[in-house]
Amino acid sequence: MMWESESDGGVGVGGGGGGREYGGDGVLSSNKHGGVKTDGFELRGQSWFVATDIPSDLLVKIGDINFHLHKYPLLSRSGKMNRLIYESRDPDPKILILDDLPGGPEAFELASKFCYGVPVDLTATNISGLRCAAEYLEMTEDLEEGNLIFKTEAFLSYVVLSSWRDSILVLKSCEKLSPWAENLQIVRRCSESIAWKACSNPKGIRWAYTGKTPSPSTTNFASSSPRWNESKDSSFYCSPSRNNTNNNQPVPPDWWFEDVSILRIDHFVRVITAIKVKGMRFELLGAVIMHYAGKWLPGLIKEGGVAVAPATIGGGLGLGGDEMSVSCGSNSSGGSSGADWKGGLHMVLSAGKTNGHQDSVACLAGLGISPKDQRMIVESLISIIPPQKDSVSCSFLLRLLRAANMLKVAPALITELEKRVGMQFEQATLQDLLIPGYNNKGETTMYDVDLVQRLLEHFLVQEQTEGSSPSRMSPSPSQSMYADAGIPRGNSNGGSSNTQNAKMRVARLVDSYLTEVARDRNLPLTKFQVLAEALPESARTCDDGLYRAIDSYLKAHPTLSEHERKRLCRVMDCQKLSMDACMHAAQNERLPLRVVVQVLFSEQVKISNALANTSLKESTTLGEAMGTYQPMIPNRKTLIDATPQSFQARRVGCG
């Protein structure tokens, strides 16, 4: 496998006659100079001049840069220049404007030097622009053998695509070359080259992986990126290869995350799509998506969406978070981005509920960030998340959902994301569910309770569909492998628990959520009640959490009528309250009188049953007691029937 090529060092590509040759140090040269001998080009201010005694007879303008050139060297190699000059209405045109030339003045400078026979250094950073410029200028073999299209294409095929680092660099440089880079298949070829190398078994390849945190002097992309077939013996690298005796450090499966995360979102999607086609495990695909989100949307991985300082994709990356960032060994310090990557997108999410969506967007605009670009990133990430459960964590999905709501992502994608959260809802945490109500129309509630209601409905539908599926009964066979590699996984308990345990965890989560949102004085009683009653009764073995939420709601809404308080208490089963909860409820002046009586009666029944059990144990064996003992209050209906007649007539139960 010839992956050793690094264009900075140069790789010679041999050629035959007719000017087809590269210098041994990666320098592109030509045997012809178009009849104009020159020692090179000179830059004076904003203008380039050819170092020759022959006066210039053609001025080419590209943006603010002027090129004072000669017609013949350009005409002999460029079909485009031929047409522009000979088809011009001016019989002797002296000025050409090429503002639409891909690659801009930098690419045209190199193409012009090639036409004059001046040696040109081909690197991974300039090859894509030069290849597109050669296509634009129509520098084909029909005009001269060994023309620029042929030589740039050869460099791409033999040098760039054989190198991991160069493929990344070229794909990054294609961001400003649309649609030329797409039409010339540069994006596709680089994406597939990256995908093929990322999917290859690193144990069978000689390569050097960054094993130590890079020093400030070595934080550029070249020094911290993995080097394929690198033979240098340096303490900065360890080579866990079959051809190297230093096998102490295994190659982590996420070695490639840092490098692909510097790509723009559309190119990142192309790479991930190509990797997916090649059959990479969905756990790794999900992990690299989370890593990318941590780079480009740093606010997304902060607890609770707290606003953070923007982090630029470039030298000095600021991840701004912890649990959602993916460990890439020692390569995760951001060194592989290097100073070459300037600019990038930022993400800032508002803390809590200020003025909702408008304030958040204004915050982004104040930092010069385009909400359109932010929305494109979120929508693209949603579209490429693997469909398998646990490919990404539930916490990540909920934070992505928070960003999607804030940025007004397409409703179809939000619905799809909500269904994905429903598949893993038992893994959610309270902090993740406290999503501000960005989409509430005409409402002033602090949190988006309707969203949590939909998530719960998706969860119940999923549980009903799956039932006791094998995936819930046994962990994934690759779970330990990826845990050892530091790749975040979903809640491991979710994969091994049955449906009932999942519902019980969700019930505890919903009760905690209700307790939190109940403090919002603008939360309607109906929303509270509907969410509390959404779960089946079997999901709760104890209603202490629900009682706590009801008490919080009563505290925050002291103006509720008697009827509304009774209606609120219907969601609670007094028989499922613990002894401590019963003692608190018996002294709670906010509860309706009927509920207090039922709590007292239920408490009395529990005490009587406990005493009866103690008495039976003293007189008989435990087995006989279990066979003959009948509880005094066998069910909830009996408890209601045993309530004093003055309350029965009203038939307002706490259930």
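Please refer to the structure placed before this passage.
Conventions adopted
Residues numbered from 1 in each chain as written. Predicted model: local features only at pLDDT ≥ 70, side-chain atom pairs only at ≥ 80, totals over all residues. Heavy atoms only, no water. Helix = DSSP H or I, 4+ residues; strand = E, 2+ residues; numbered from the N terminus. Buried < 20%, exposed > 50% of the residue type's maximum accessible area, 1.4 Å probe, protein only. Contact = heavy atoms within 4.5 Å. Areas by Shrake-Rupley, 256 points an atom, 1.4 Å probe, with all protein chains shown as cover. Phe/Tyr/Trp six-rings, centres within 6.5 Å; stacked < 30°, edge-to-face > 60°. Pairing = 2+ DSSP bridges. Axes fitted to C-alpha atoms, helices over the stretch in contact; angles between N-to-C directions. Expected span 1.5 Å × (residues − 1). Core = buried A, V, L, I, M, F, W, Y, C linked by side-chain atoms within 4.5 Å. Polar contact = N/O pair within 3.5 Å; in protein donor to acceptor, adjacent residues only side chain to side chain. Salt bridge = Lys/Arg side-chain N within 4 Å of Asp/Glu carboxyl O.

Caption draft 1: Region of interest: the overall build of the protein chain. Helices and strands together make up the secondary structure of the protein chain, namely 30 helices and 11 strands. In the protein chain, which comprises 655 residues, the share counted as buried stands at 53%. Considering only contacts within the protein chain whose residues lie at least 6 apart along the sequence, 72% involve residues at least 24 apart. Surface exposure of the protein chain reaches about 28,600 Å², of which carbon and sulfur atoms provide 52%.

Caption draft 2: Quick look at the packing of aromatic side chains. Applying the stated rule across the entire model yields 10 aromatic pairs. Between Phe67 and Phe108, the ring centres sit 4.9 Å apart and the planes meet at 75 degrees, which makes this aromatic pair edge-to-face. With Phe67 in strand 6 (residues 65–69) and Phe108 in helix 3 (residues 104–115), the pair connects residues that are 41 residues apart, well separated along the chain. The exposure classification of Phe67 matches that of Phe108, with both residues buried. Ring geometry for Trp256 and Phe257: centres 4.9 Å apart, planes at 85 degrees, overall edge-to-face.

Caption draft 3: A look at the sheet that holds strand 7 (residues 95–97). The five strands are arranged 3-4-6-5-7 in an open sheet whose pairing can be described as mixed. The strands lining the two open edges of the sheet, one partner per strand, are strand 3 (41–44) and strand 7. With direction set aside, neighbouring strand axes in the sheet form an average angle of 20 degrees. Bridge analysis of strand 5 (residues 58–62) against strand 6 gives five bridges, and the strand direction is antiparallel. Across the sheet, residue Ile62 finds its bridge partner in strand 6, namely Ile65. Lying over the sheet, helix 3 contacts strand 3, strand 4 (47–50), strand 5 and strand 6, oriented at roughly 15 degrees with respect to strand 6.

Caption draft 4: Broad picture of helix 16 (residues 411–423). Over its 13 residues, helix 16 extends 19 Å from the first C-alpha to the last, a length consistent with the 18 Å expected when each residue adds 1.5 Å. Burial in helix 16 covers these residues: Ile414, Leu417, Glu418, Arg420, Val421, Gly422 and Met423. Elements that come into contact with the buried residues of helix 16 comprise helix 14 (371–384), helix 15 (394–406) and helix 18 (449–466).

Caption draft 5: Layout of the nonpolar core. Among the nonpolar cores identified, the biggest contains 151 residues, and Trp256, Val260, Phe268, Leu381 and Phe425 are the most heavily contacted of them. Apart from residues no more than four positions distant in its own chain, Phe425 is found in contact with Cys394, Leu433, Val452, Leu455, Leu456, Phe459, Val506 and Leu509.

Caption draft 6: Representation of unusual backbone geometry within the structure. Ser178 connects to Pro179 through a cis peptide bond whose omega is 0 degrees. Within the fold, Pro179 resides in the loop between helix 6 (164–173) and helix 7 (180–183). The phi angle at Gln185 is positive, at roughly 65 degrees, despite the residue not being glycine. Among the structural elements, Gln185 can be located in the loop between helix 7 and helix 8 (186–199). A relative accessible area of 32% places Gln185 in the partly exposed class. Non-glycine residue Asp390 carries a positive phi angle of around 70 degrees. Residue position: Asp390 is located in the loop between helix 14 and helix 15.

Caption draft 7: The side chain of Ser76, seen in detail. Relative to the assigned elements, Ser76 resides in the loop between helix 1 (71–75) and helix 2 (79–86). Within the structure, Ser76 has its side chain in polar contact with the backbone oxygen of Pro73 (distance 2.9 Å). The contact partners of Ser76, leaving out residues within four places of it in the chain, are Leu143 and Glu144.

Caption draft 8: A look at helix 23 (residues 525–532). For helix 23, the buried fraction is high: six of the eight residues fall into the buried class. Inspection of helix 23 places Leu525, Lys527, Phe528, Gln529, Leu531 and Ala532 among the buried residues, and these make up the whole buried set. Where the residues of helix 23 are buried, they touch helix 18, helix 22 (499–517), helix 24 (544–556) and helix 25 (562–569).

Caption draft 9: The pairing of strand 4, seen in detail. Examined bridge by bridge, strand 3 and strand 4 share four bridges and lie antiparallel to one another. The residue bridging Arg44 from the neighbouring strand is Ser47, located in strand 4.

Caption draft 10: Structural context of the pattern of salt bridges. In the structure shown here, the tally under the stated rule is 22 salt bridges. Across the salt bridge formed by Arg131 and Glu135, the nearest N and O atoms sit 2.9 Å from each other. Linking Arg131 with Glu135, this pair stays in helix 4 (residues 127–136), spanning four residues, or about one helical turn. On the basis of relative accessible area, Arg131 is assigned to the buried category, the value being 6%. Accessibility expressed as a relative area gives 28% for Glu135, which makes it partly exposed. Note that Asp450 and Lys527 form a salt bridge whose closest N and O atoms lie 3.1 Å from each other. Taken together, the residues span a long stretch of sequence, with Asp450 in helix 18 and Lys527 in helix 23 at a distance of 77 residues. Since its relative accessible area comes to 29%, Asp450 is described here as partly exposed. Shared partners join several salt bridges into a network, and the residues in it are Arg131, Glu135, Glu153 and Arg189.

Function-wise, these values are silent; they only describe arrangement.
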